Amino acid sequence: MFIDEARIRIKAGDGGNGCMAFRREKFVPKGGPSGGDGGHGGDILMSSSLSHNTLVHFRFNPEHKAQRGGHGLGSNCSGAAGEHTTLKVPVGTLLFDDDTGELVHDFSRPNDTVVIARGGRGGRGNQHFATSTHQAPREHELGRAGEERNYRLELRLLADAGLVGYPNVGKSTLISRISAAKPKVADYAFTTLEPNLGVVSVGEWPHELSFTVADLPGLIEGAHLGAGLGIQFLKHIERTSVIVHLVDVSDGSGRDNPVDDFKVITEELKSFDPALAARPTILVAAKADVANPDKLKKLSAMAKRRKLPFYAISAVTGEGIDKLKYALADLVAMHRPIPVEEEPVSTAKLKPSYPPPPNSAKGRA
């Protein structure tokens, strides 16, 4: 099951209460206060992982809590710190504050870890309240509550190229031909109800190049207003470096002008995100084995006027597939973002096992 949106409620661990205790030892008269501090509550962290590709584990388990800190004990013993809880999300997940709509973090790289809710501080025991004039304090602090947050998770697939076009133009057949992906293929509209990812390899080792392709469910006119599958999956194309626009040039499409098909889908992409109009695009005439010559000629002429790379293919016979793969690999390599190599520094700041005493308590017995 492909789930690309989820809402979760999280609660970090509460801090443990400080202890009120006095030393009661033989030969130690008036031993004084010995109440230990409460332990810190556990934090809740979120980390991106390559072993996850959907948010389904959050859809049916939306509430997550971290362990609370242990209470302080006598003999100046501090309570144990609560265990941290780490939630795993797929690479490409966006984390939003569900109350304000603010983007909290973009998990665009694997093993990226952030603290999304901090545990409460442990309360101080009565040992910290002793003074020269108040040598038997009974004051002690309660632990502070851990943070509670409501978040919205949104997954946007990380793919180098995205296949777009009207329903039933051959996107699923193409991705099954150029990669090992096995999407559902049938002769009716809206066969694809969820995005499919495939890895395409070209060349031979050691000069082999590989890139990922996303097969996005078909668009129709008015998709940005909710028609058909609406904009439910259009967000997945925002991270792609290259757009592969498929147009059916056969008579089985039921549409007379392939140029209008291209313009309609392009307008839908532009209405969703104007930046998509400037994205590098390859125009592909699909089903070339049963093509209408007039349609193919019109589409080729339009691609020439717009200076778009144009390829006529047949996913059934294999015509033009290899040329398209190599052209797509070159274009992806040209426009793929260059990764910046950095030191692997974790952004998670974990709390110490035991809270350090405040400055006012240093040096006191």
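As a starting point, this report considers the structure included with it. (Residues numbered from 1 in each chain as written. Predicted model: local features only at pLDDT ≥ 70, side-chain atom pairs only at ≥ 80, totals over all residues. Heavy atoms only, no water.)

All right, on to the pairing of strand S12 (residues 242–248) then. Across the 7 residues of S12, 7 count as buried, placing the element largely inside the fold. Residues of S12 alternate between two faces, with Val 242, Val 244, Leu 246 and Asp 248 on one and Ile 243, His 245 and Val 247 on the opposite face, all of them buried. Sheet topology note: the S12/strand S13 (residues 281–286) ladder contains 6 bridges and is parallel. Bridged to Asp 248 within S13 is Ala 286. Once the chain exits S12 it traverses helix H3 (residues 258–272) before rejoining the sheet at S13, and the crossover so formed is right-handed. (Buried < 20%, exposed > 50% of the residue type's maximum accessible area, 1.4 Å probe, protein only. Helix = DSSP H or I, 4+ residues; strand = E, 2+ residues; numbered from the N terminus. Pairing = 2+ DSSP bridges. Right-handed = clockwise from strand over helix to strand, strands pointing away.)

Before going further, it helps to examine the packing of H3 against helix H4 (residues 293–306). Interaxial distance between H3 and H4 falls to 8 Å at its minimum, and their mutual angle equals 50°. Classed by the angle they form, the pair H3 and H4 counts as oblique. Every residue of H4 that contacts H3 at Pro 258, Val 259, Phe 262 and Lys 263 is listed here: Lys 295, Lys 298, Leu 299, Met 302 and Arg 306. For the contact of H3 with H4, a count of residues per class yields 5 nonpolar, no polar and 4 charged. (Axes fitted to C-alpha atoms, helices over the stretch in contact; angles between N-to-C directions. Parallel < 35°, antiparallel > 145°, perpendicular 65-115°, else oblique. Contact = heavy atoms within 4.5 Å. Nonpolar A, V, L, I, M, F, W, Y, C, P; charged D, E, K, R; others polar.)

Attention now moves to the packing of helix H2 (residues 171–178) against helix H5 (residues 321–335). Packing of H2 against H5 leaves a shortest axis separation of 11 Å and a crossing angle of 80°. Regarding the angle of H2 to H5, the classification is roughly perpendicular. Contacts between H2 and H5 involve Leu 174, Arg 177 and Ile 178 on the former and, on the latter, Ile 321, Leu 324 and Lys 325. Looking at side-chain class alone, the contact of H2 with H5 contains 4 nonpolar, no polar and 2 charged residues.

Attention now moves to H3. Between its first and last C-alpha, H3 extends 22 Å over 15 residues, near the 21 Å set by a 1.5 Å rise per residue. Looking at where H3 begins, the residue whose side-chain oxygen comes 3.0 Å from the main-chain nitrogen of Val 259 is Asn 257. (Expected span 1.5 Å × (residues − 1). Polar contact = N/O pair within 3.5 Å; in protein donor to acceptor, adjacent residues only side chain to side chain.)

Here we come to the pattern of salt bridges. Using the criterion set out here, one finds 11 salt bridges in the structure. When the shortest N-O distance is used, the salt bridge between Glu 141 and Arg 121 registers 3.9 Å. Of this pair, Glu 141 sits in the loop between strand S7 (113–117) and strand S8 (148–155) while Arg 121 sits in the loop between S7 and S8, and the two are 20 residues apart along the sequence. When its relative accessible area of 27% is taken as the criterion, Arg 121 is described as partly exposed. Measuring nitrogen to oxygen at the nearest pair gives 2.8 Å for the salt bridge that ties Glu 154 to Arg 156. Take Glu 154 and Arg 156: they sit in the same class, and that class is buried. (Salt bridge = Lys/Arg side-chain N within 4 Å of Asp/Glu carboxyl O.)

One finds Leu 174, Val 213, Leu 246 and Leu 328 to be the most contacted residues of the largest nonpolar core, which totals 26 residues. Listing elements by their share of this core, those giving two or more residues are strand S9 (161–164), H2, strand S10 (196–202), strand S11 (209–215), S12, H3, S13 and H5. Broken down by element, the residue count for this core peaks at 6 residues, all from H5. When neighbours within four sequence positions are excluded, Val 213 is seen to be in contact with Ala 159, Ala 161, Leu 163, Ile 175, Ile 178, Asn 196, Leu 197, Gly 198, Val 200 and Leu 328. (Core = buried A, V, L, I, M, F, W, Y, C linked by side-chain atoms within 4.5 Å.)

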